[in-house]
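# Descriptive analysis of the structure
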Amino acid sequence: MTVRSGDVAERRAETDVIVIGAGLAGLTAARELVAAGYDVIVLEARDRVGGRVLNHTMTGGHVVDVGGQFVGPTQRHALGLAAELGVATHPIFTGGRTVLELGGRRYDYRTVPRLNPVQLADAGRALFSLDRMASRVPVQAPWQAAGAAADDTRTLADWARRNVRTRLGRFAVEAFSQGVLACEPGEVSLLHVLFYLRAAGGFRQLTEVAGAAQQDRFAGGSQLIALRMAEHLGADRVWLGAPVNRIDQGSSRVVAYSGAGVATGRRAVVAAPPALAGRISYDPPLPADRDQLTQAAPMGSVIKCLAAYDEPFWRAAGYNGQATSDGPAARVTFDTGPPDGSPGVLLGFVTGAEARRLARAGPAQRRTEVLASFARYFGPAAARPADYAEHDWTADPWTRGCYGAHFPPGTWTQFGQALRRPVGLLHWAGTETATEWSGYMDGAVQSGKRVAAEILDTLPPP
């Protein structure tokens, strides 16, 4: 039970389990533990819940996602949780032509762009090869895969240089790395790419819309799931504005010190990506491999941009709002407006090195360049939205990047065993620890359920 004093900084709580982070992973873990009869306190650094899911209301009242958004039919953990909480889904608009911009040339297509068959075959062969290699990677222990040591010494770019022959093939690899992992091919281990593919069910599941990861979005915004979980937990259990700066643990108690007070429990869950978990001070210190993991797993680089229009004019022109490009600013776009078509909303992702470039620019320049990319794809009307919103996740102090962490060469084989392994009374959650849909909302929910089960196996009954 929380004992409040006159100074919020002196707030104290004794509980069964402390959960650090009120994103989907932390809130799911807390929800599962409370349902099992345990007392839980959630400490959240931000003044809101949701972590990497965040709603934004555009002019006119339409809610958009400036954080995690898409959900697909195989993402059973996120969909199941949303159904329990009464959060519905609706499909992304897909009718019409897609735009491909490559080397300054534009291709409009419905199924396959009209490109040189040799290039199309090269790109298809490269992606098929990655899927085939991924099939041998055990998601619970990627470091045990056949050939793991060799795959973890190479980057995706190293592999592409030896196995991809055409410009389209190279673009397919680059677009996957930038659009899905939010990093450049030379920054990520080939083994990590293979793990990521296996955890999601393959390249098609990760990149396509119908029947795949981008098929639907949550009505009312993804953050609604987190808001409803927090509401059910209650304000006494969820402390906002409570960044944890130190965790001490003994033989039977763990103490978390935060900006909103101190919580003491029998177990603690750190539901944060490795890079942020590594900024907490631990006493006793973390084991060397766990600490080095936090140093070796950077977050991806993403700026998410949304433009709202009175109507989705691109639909009337025969386009579905989807574009992929190797040009400047937003290199991937979607029509993310409501099914009834009013308002029209274009979503653009600025990722990888391009996100870092525009992160150094001012907001006005970013807006100008992003809208210019929309106009290249869908015509000059796209440069004149009724409203515009963006979120630079690289600048977010409690995330420092999205969609998730990526592992450079050597990380999985040297430090991967520390990713989920408990440290004394500390347990680890977050989408990076997931074995299904790692990096996605579904992975976050799966990790919350996994860590709750882990604690239930070790903690005496309440």
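The residue numbers shown here count from 1 along each chain, following its written sequence. Per-residue local features of the predicted model are confined to residues with pLDDT of at least 70, and side-chain atom pairs are confined, for both listing and counting, to 80 or more; whole-chain, interface and lining totals are unaffected and use all residues. Hydrogens and waters are ignored; side-chain quantities use all the structure's heavy atoms.

## Notes on the overall build of the chain
Along the backbone of the chain there are 16 helices and 23 strands. Each residue is assigned to one of three classes by its accessible area relative to the maximum for its type, calculated with a 1.4 Å probe on protein chains only: buried under 20%, partly exposed between the two thresholds, exposed over 50%. When each of the 462 residues of the chain is scored for burial, the buried share is 60%. When the accessible area of the chain is evaluated, it comes to approximately 17600 Å², of which 52% is carbon and sulfur surface. His is not counted, nor are the chain ends, whereas Lys and Arg count as positive and Asp and Glu as negative. For charged residues, the charge sits on one atom: NZ in Lys, CZ in Arg, CG in Asp, CD in Glu. Here the chain contributes 48 positive and 44 negative side-chain charges, whose respective centroids are spaced 5 Å apart. Strands are runs of DSSP state E lasting at least two residues, helices are runs of H or I lasting at least four, and both sets are numbered from the N terminus onward. Using the Shrake-Rupley algorithm and a 1.4 Å probe, accessible areas are obtained, with residue cover drawn only from the displayed protein chains.

## Details of the nonpolar core
Most often, soluble globular proteins have nonpolar side chains that are buried together. One finds L130, L156, W159, F176, L197 and L206 to be the most contacted residues of the largest nonpolar core, which totals 50 residues. Per-element tally for this core: the top contributor is helix 7 (residues 190-200), with nine residues. Excluding its chain neighbours within four sequence positions, the residues that come into contact with W159 are A126, S129, L130, M133, R154, V164, V173 and L190. Residues enter a nonpolar core if they are buried and are Ala, Val, Leu, Ile, Met, Phe, Trp, Tyr or Cys, with the set joined through side-chain atoms within 4.5 Å. The next biggest cluster of nonpolar side chains, apart from the first, holds 38 residues, and it includes V17, V87, L224 and L459. Two residues form a contact once any of their heavy atoms are found within 4.5 Å.

## Some points on the side chain of T435
Position of T435 relative to the elements: it lies in the loop between strand 23 (426-429) and helix 16 (441-458). Take T435: its relative accessible area is 7%, and that puts it in the buried class. Those residues in contact with T435, other than ones at most four positions away along the chain, are V139, Q140, A199, R420 and Q446.

## Some remarks on the packing of helix 3 (residues 117-134) against helix 7
Lines fitted to C-alpha atoms define the axes here, with helix axes fitted over just the stretch in contact, and angles between the N-to-C directions of these axes take values from 0 to 180 degrees. Viewed as axis vectors pointing N to C, helix 3 and helix 7 meet at an angle of 80 degrees, and their least axial separation amounts to 8 Å. By the angle class used here, helix 3 and helix 7 are roughly perpendicular. Contacts between helix 3 and helix 7 involve L130, D131, M133 and A134 from the former and L190, L194, L197 and R198 from the latter. For classification purposes, an angle smaller than 35 degrees is called roughly parallel, one larger than 145 roughly antiparallel, one from 65 to 115 roughly perpendicular, and anything else oblique.

## Side note on the pattern of salt bridges
A pair is scored as a salt bridge if a Lys or Arg side-chain nitrogen falls within 4 Å of a carboxyl oxygen belonging to Asp or Glu. Taken as a whole and judged by the stated rule, the model has 25 salt bridges. In this structure, a network of salt bridges that share partners links the residues R331, E354, R357 and E369.

## Observations concerning the sheet that holds strand 18 (residues 302-309)
Here we have seven strands laid out as an open sheet, ordered 10-9-19-20-21-18-22, and mixed in their pairing. At either end of the open sheet lies a strand with only one pairing partner, and these are strand 10 (105-109) and strand 22 (387-392). The mean inter-strand angle of the sheet, taken between neighbouring strand axes irrespective of direction, is 15 degrees. When DSSP finds two or more bridges between two strands, those strands count as paired. Pairing between strand 9 (residues 97-102) and strand 10: five bridges, direction antiparallel. When the sheet's bridge partners are listed, T98 is paired in strand 10 with Y109. Those strands touched by helix 6 (residues 167-181) are strand 9, strand 19 (319-325) and strand 21 (344-351), and its axis lies near 110 degrees from that of strand 9.

## A few points about the state of the cysteines
Here, the term disulfide refers to a pair of cysteine sulfur atoms separated by no more than 2.5 Å. Using the criterion set out here, one finds zero disulfides in the structure. No disulfide involves C402; its sulfur sits 13 Å from the nearest other cysteine sulfur, which is in C305. Take C402: its relative accessible area is 5%, and that puts it in the buried class.

## Section: the packing of helix 6 against helix 7
One way to put it is that helix 6 packs onto helix 7 with a least axis distance of 13 Å and a crossing angle of 65 degrees. In terms of their interaxial angle, helix 6 and helix 7 are classed as roughly perpendicular. Crossing hand, helix 6 versus helix 7: left-handed. For the pair helix 6 and helix 7, contact is made by F176, V180 and L181 and by V193, Y196 and L197, respectively. Grouping the constituent residues of the contact of helix 6 with helix 7 by class yields six nonpolar, no polar and no charged. Take the far helix as the reference: if the near one is turned anticlockwise from it by less than a right angle, the crossing is left-handed, and if turned clockwise, right-handed. Three categories are distinguished: nonpolar for Ala, Val, Leu, Ile, Met, Phe, Trp, Tyr, Cys and Pro, charged for Asp, Glu, Lys and Arg, and polar for the others, with Gly belonging to the last.

## A closer look at the environment of L190
Examined against the element boundaries, L190 turns out to sit in helix 7. Every residue in contact with L190, bar those within four places of it in the chain, is listed here: L130, D151, R154, T155, L156 and W159.

## What about the sheet that holds strand 3 (residues 17-20)?
If you trace the five strands from one edge of the open sheet to the other, you get 12-4-3-16-23, paired in parallel fashion. Strands with a single pairing partner mark the edges of an open sheet, and in this sheet they are strand 12 (238-239) and strand 23. Of the pairings in the sheet, the one linking strand 3 to strand 4 (residues 40-43) comprises four bridges and is parallel in character. For V19, the partnering residue across the bridge sits in strand 4 and is V42. Against the sheet, helix 16 makes contact with strand 3, strand 16 (267-271) and strand 23, and its axis sits at roughly 160 degrees relative to strand 23, the strand it touches most.

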